[in-house]
Amino acid sequence: MDRRTFLKTAGGFAAYSLLGPSLVQRVLPRSDDAFLDDMSHRSFRYFWEQSDPHTGLTRERSTSSRWHDEPHNNVGSIAATGFGLSALCIGAARKWADSEAIRVRVRNTLEFFAYHAPHENGWFYHCMDIRTGQRSGFHDADKQKSEISSIDSALLVGGVLTARQYFHDDAEIVHLADTIYHRMDFHWMLNGHPTLLSQGWTNEKGFIPYRYDSYCELTLLYLLGIGSPTTPLHPDSWYAWNREVNSYDGYRFVGTAPLFTHQYSHAFVDYRNRREARGSRVNWFDNSVIATRVHRQFCLDLAKGKKFPGYSDHIWGVTSSDSANGYVAWGGPPFQCSIDGTVVPCAAGGSLMFAPEICVPALRNMYDKYGTKIYGRYGFADAFHPTNGWVAKDNLGIDVGITLLSAENLRSGNVWNWFMTSPEIHRAMDLAGLQTV
């Protein structure tokens, strides 16, 4: 069976590991590795400069012209902070900052979340003031207050456990990380359901009336729950959520949400050469490889008929990002009418670990064609429009973060290597029947 036939075969997810570790961690051409090193170093700089040194909270968004003393720019994201803790480990390993200063920053961050940050049964607010940790609005001028978020807390804890495993020789860091993880009450977040977790909780209305019941970035959340040493979920939780199959141009894969949902959990969890024991026996790594390749083809198809001529073989990618009209949760397939030809670099950047042979050329061509107009102190701008000249003024912490972690997994496998030494995750994967192939 050739590669394309495999991809088109219904239920063919479990046939074999599509790329496998040898290609994912291949030796990159020197020029490509140098380019990724520069991009990654700039991405690390975002977390080093745009996180509060005392709380460790990372700004949700910033530009290189915004600094810590600007009171209107203190909205922090716990998901970005989770990526930031992993970024600190990458920076320490690559010696991008003083190792002891990084250790102190990690310790301060974990101490803040262990003992000072407001929480409900171990779960944290999506957005917090980076100086105080108090519940914050989503954006500077937004009066709406954020929710206690299950998925964002999971991404935070992904970084917490990565830091715990990297600094495994530091008893205080290990203790603080364990305090944060062990306190998460997964039974409370079920809100009475036997298997499916709530999307969150608010002070005003209690639990959000939606659950994580369909494939998205949820896999890390459920592994943390199944592996919890204190309030473990039943392993059936893994198979309780829906696996909607997406079909496009003859290709089949699970998931219909934007491309970032195929990336976030994979930044931490190494799903290579594993497949589920039940049902269609999905190999989640292969699934994200297919989703990335299909998304590129989707963008190329949008360029046909000159609808969006800015998309090309090496300029492509749309996932949730800023736009000329504000933040948009766009992507595809399927096509969404909101798409306007904008390119989002973290679409390719967050999939470097899946499909480097198409993602590295995409990022390099973006840089080669547009240069410093879209590439600055923190790497790529969040988004840009290749035909009308619009460029996002901000960098977003989650988009910088997924690009950095994916690049590191491609170049060294380090984030995977650190996170996957967590015994709780191995226990959860075993209980969920994620079998080695």
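Quick caveat, the model's predicted, so the values are computed rather than measured.

**Topic: the overall build of the chain**
Inference 1: Scanning the chain for helices and strands turns up 15 helices and 16 strands.
Inference 2: For 437 residues, the compact-globule estimate of 2.2 N^0.38 gives 22 Å, and the chain sits close to it at 20 Å.
Inference 3: Counting over 437 residues, the chain shows a buried share of 62%.
Inference 4: Looking at the chain alone, contacts between residues at least 24 apart form 70% of all its contacts between residues at least 6 apart.
Inference 5: When the accessible surface of the chain is totalled, it reaches about 15,800 Å², and 50% of it is carbon and sulfur.
Inference 6: Separation between the mean location of the 42 positive side-chain charges and that of the 45 negative ones in the chain comes to 5 Å.

**A short note on the pattern of salt bridges**
Inference 1: Evaluation of the coordinates by the stated rule reveals 23 salt bridges.
Inference 2: Among the ionic pairs, D170 bridges to R103, the shortest N-O distance being 3.0 Å. With D170 in the loop between α6 (150–166) and α7 (171–183) and R103 in helix α5 (residues 99–115), this pair connects stretches of sequence that are 67 residues apart.
Inference 3: Residue D170 is classed as buried on the basis of its relative accessible area, which comes to 8%.
Inference 4: In this structure, D178 engages R164 in a salt bridge whose closest nitrogen and oxygen atoms are separated by 2.8 Å. Of the two residues, D178 is situated in helix α7 and R164 in helix α6; the sequence distance between them amounts to 14 residues.

**Topic: the packing of helix α3 (residues 30–49) against helix α4 (residues 78–94)**
Inference 1: Two elements in contact, α3 and α4, have axes separated by 9 Å at closest approach and are oriented at 125°. By the angle between their directions, the pair α3 and α4 is classed as oblique. The interaxial crossing formed by α3 with α4 has left-handed handedness. Here α3 contributes D37, F44, F47 and W48 to the contact with α4, which in turn contributes A80, F83, G84, A87, L88, G91 and R94.

**Some words on helix α15 (residues 423–432)**
Inference 1: Buried within α15 we find E424, I425, A428, M429 and A432. Down the axis of α15, the buried set is contained in an arc of 135°. They therefore lie on one face.
Inference 2: Check the buried side of α15 and you find it contacts α6, α7, α9 (219–226), β12 (274–276), α14 (414–419) and β16 (434–436).

**Section: unusual backbone geometry**
Inference 1: Put simply, G332 and P333 share a cis peptide bond, and its omega is 0°.
Inference 2: Along the chain, P333 turns up in the loop between α10 (284–303) and α11 (345–349).
Inference 3: Residue P334 is reached from P333 by a cis peptide bond, and omega for that bond is 5°.
Inference 4: If you trace the backbone, P334 turns up in the loop between α10 and α11.

**As for the confidence of the model for the chain**
Inference 1: With 90% of its residues at a pLDDT of 70 or more, the chain has an overall mean of 92.
Inference 2: Low pLDDT, under 50, characterises residues 1–25; the stretch is placed with 60 contacts to residues that sit more than four places away or in other chains.

Here is what the cut-offs are and how they apply
Residues numbered from 1 in each chain as written. Predicted model: local features only at pLDDT ≥ 70, side-chain atom pairs only at ≥ 80, totals over all residues. Heavy atoms only, no water. Helix = DSSP H or I, 4+ residues; strand = E, 2+ residues; numbered from the N terminus. Rg over C-alpha atoms; globule rule 2.2 N^0.38 Å. Buried < 20%, exposed > 50% of the residue type's maximum accessible area, 1.4 Å probe, protein only. Contact = heavy atoms within 4.5 Å. Areas by Shrake-Rupley, 256 points an atom, 1.4 Å probe, with all protein chains shown as cover. Lys, Arg positive; Asp, Glu negative; His and termini not counted. Charge placed at Lys NZ, Arg CZ, Asp CG, Glu CD. Salt bridge = Lys/Arg side-chain N within 4 Å of Asp/Glu carboxyl O. Axes fitted to C-alpha atoms, helices over the stretch in contact; angles between N-to-C directions. Parallel < 35°, antiparallel > 145°, perpendicular 65-115°, else oblique. Left-handed = near helix turned anticlockwise from the far one by under 90°. Arc of directions from axis to C-beta. pLDDT = per-residue confidence, 0-100.

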